[in-house]
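Spelled out, the chains give:
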Amino acid sequence: MENVLVTGALGQIGSELVPYLRKKHGINNVIASARRAKEGCEYLIETGPFELLDITNREKIAAVIKKYRVKSVYHLASLLSATGEENPQALWEVNMNGLINLLEVAREHKCSIFFPSSIAVFGPDSPKDKTPQDTITRPTSIYGISKISGELLCDYYHNRYGLDIRGLRYPGVISSAALPGGGTTDYAVHIFYDAIKHGKYTCFLEENSSIDMIYMPDVLEGAVKLMEADPEKLKHRNAFNVSAITVTPRELSAEIKKHIPDFSIAYDIDPVRQAIADSWPNSLDDSAARAEWGWDPQYNLKMMTEDMLKVLGARLKKAD
Ligand code: AKB
């Protein structure tokens, strides 16, 4: 069994991807890593291999990859869109210098890499609806600029050095285990916490801001399915559009209201995050992912909402 490293393992996706991969590959074959330990993540840190790893430290990346004889890396360490606007230089350091550090070490040790890109690669000039796989990508957020640069850098390392690098353009990710941090799509997770705890939510995006979302079980399945796909069938390899749910805050709140009839939503717009959302697609065309490696998300708006309220509701009740 080949060892797998997950960077950014204590974040929203990492904290669920690590247990998913450990179930599949065996606990000791999946190394979780993060810049610092986090309260609430003991289940990841104490139950299997864990390394403190700052992605801007190339020597430490090399040491970890050598120590565990890592053969593939899910590279989730990244700053998100809203945080990026607060500190563009810090974002560049983590998202770009961190990526090239990892690519250089991966080149030496012949590791395959999963690179999560984002709908943020699109910008105001991209087609808004059913945004195609191959189209104009001129983003206006520093996060989007780092993600499109990351996609191109991954293509370069594949073409020049033959590294096996694959990746997805994530829309908003909805999940119940860990909160996202510093993204524009975070409203779609916060709304569930506030609906369950307080019966009301104040949204920082306008009621009709349409952005695609996917639910965590589809995120986990999709990443692993892509990494296991037959390379002969991948025309794009890196940067596949993926989507499952197209929704606005108004539509999401209406769906929650079906379960919590007294739930109410108010709006207090954050101009920075609203401008980012306005520059992103309303919806994506993910037909290339479906055709080339069988992307087939299971959760629609109704199923995701039911599951989120059930799972998160039970977790919050237990924590009380
Ligand atoms: C963000 O909102 O920054 C992220 C993303 C869409 O990549 N969730």
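No experiment lies behind these values; they were computed from the predicted model shown.

## Let's talk about the side chain of N241
- As for its placement among the helices and strands, N241 is situated in strand β10 (residues 240-241).
- Given a relative accessible area of 0%, N241 falls into the buried group.
- Within the structure, the side chain of N241 is placed 3.1 Å from the side chain of R169, a separation counted as a polar contact.
- Ignoring any residue separated from it by four or fewer positions in sequence, one finds N241 in contact with F122, T131, P132, Q133, R169, L284, D285, D286 and A289.

## So, the site of the ligand
- As a structural note, the neighbourhood of the ligand is formed by L80, S81, S118, I119, Y143, Y170, P171, G183, T184, T185 and W280.
- A distance of 2.7 Å is found between an oxygen atom of the ligand and a side-chain nitrogen or oxygen belonging to Y143.
- Within the contact set of the ligand, an oxygen atom lies 2.7 Å away from a backbone nitrogen or oxygen of T184.
- Classifying every residue of the shell around the ligand by side-chain character gives 6 nonpolar, 5 polar and no charged.
- When residues of the shell around the ligand are sorted by domain, at least three fall in each of domain 1 (3-171 + 215-241) and domain 2 (172-213 + 245-282 + 298-319).

## Side note on the nonpolar core
- In this structure, I174, Y187, F192, M213, L252 and M304 are the most contacted members of the largest nonpolar core, which totals 38 residues.
- Among the domains, domain 1 (3-171 + 215-241) and domain 2 (172-213 + 245-282 + 298-319) are the pair contributing at least three residues each to this core.
- Setting aside residues no more than four positions away along its own chain, M213 makes contact with P171, G172, I174, T185, Y187, A188, S243, A244, I245 and V247.
- One finds V4, L21, M216 and V242 within the second-largest nonpolar core, a separate group that totals 36 residues.

## Considering the sheet that holds strand β6 (residues 165-170)
- Read from one edge of the open sheet, 7 strands run β3-β2-β1-β4-β5-β6-β10, paired in parallel fashion. Strands with a single pairing partner mark the edges of an open sheet, and in this sheet they are β3 (50-52) and β10.
- Where strand β4 (residues 70-75) lies against strand β5 (residues 112-118), 3 bridges are found, and the strand directions are parallel. Directly across from Y74, in β5, lies its bridge partner F114.
- In this fold helix α8 (residues 216-228) packs onto β4, β5, β6 and β10, with an angle of close to 150° to the strand it touches most, β6.

## Let's talk about the sheet that holds strand β7 (residues 172-174)
- Taken together, 3 strands build an open sheet; the order of strands is β7-β9-β11 and the sheet is mixed. Edge positions in the sheet fall to β7 and β11 (245-247), since each of these pairs with one other strand and no more. In this sheet, neighbouring strand axes are inclined to one another by 40° on average, regardless of whether the strands run parallel or antiparallel.
- As judged from the 3 bridges shared by β7 and strand β9 (residues 211-215), these two strands associate in the parallel manner. In the strand pairing of β9, I174 is matched with Y215.
- On top of the sheet, α8 reaches β7 and β9; it is set at about 80° to β9, its chief contact.

## Quick look at the pattern of salt bridges
- Following the criterion strictly, the structure yields 11 salt bridges and no others.
- Close ionic contact of E51 with K67 constitutes a salt bridge, the shortest N to O distance being 2.7 Å. One end of the pair, E51, is in strand β3; the other, K67, is in helix α3 (residues 58-67), and 16 residues separate them in sequence.
- On the accessibility criterion, K67 (57% relative accessible area) is exposed.
- The partner of R237 in a salt bridge is D164, with the nearest N and O atoms 2.7 Å apart. One end of the pair, R237, is in the loop between α8 and β10; the other, D164, is in the loop between α6 (142-161) and β6, with 73 residues separating them in the sequence.
- We classify D164 as partly exposed; its relative accessible area is 26%.
- A single network of salt bridges, built from pairs that share partners, joins E51, K60 and K67.

Rules used in this analysis
- Residues numbered from 1 in each chain as written.
- Predicted model: local features only at pLDDT ≥ 70, side-chain atom pairs only at ≥ 80, totals over all residues.
- Heavy atoms only, no water.
- Helix = DSSP H or I, 4+ residues; strand = E, 2+ residues; numbered from the N terminus.
- Buried < 20%, exposed > 50% of the residue type's maximum accessible area, 1.4 Å probe, protein only.
- Polar contact = N/O pair within 3.5 Å; in protein donor to acceptor, adjacent residues only side chain to side chain.
- Contact = heavy atoms within 4.5 Å.
- Near = heavy atom within 4 Å.
- Nonpolar A, V, L, I, M, F, W, Y, C, P; charged D, E, K, R; others polar.
- Domains from an automatic or database assignment.
- Core = buried A, V, L, I, M, F, W, Y, C linked by side-chain atoms within 4.5 Å.
- Pairing = 2+ DSSP bridges.
- Axes fitted to C-alpha atoms, helices over the stretch in contact; angles between N-to-C directions.
- Salt bridge = Lys/Arg side-chain N within 4 Å of Asp/Glu carboxyl O.

Remember that the coordinates give geometry; whether it matters functionally is a separate question.
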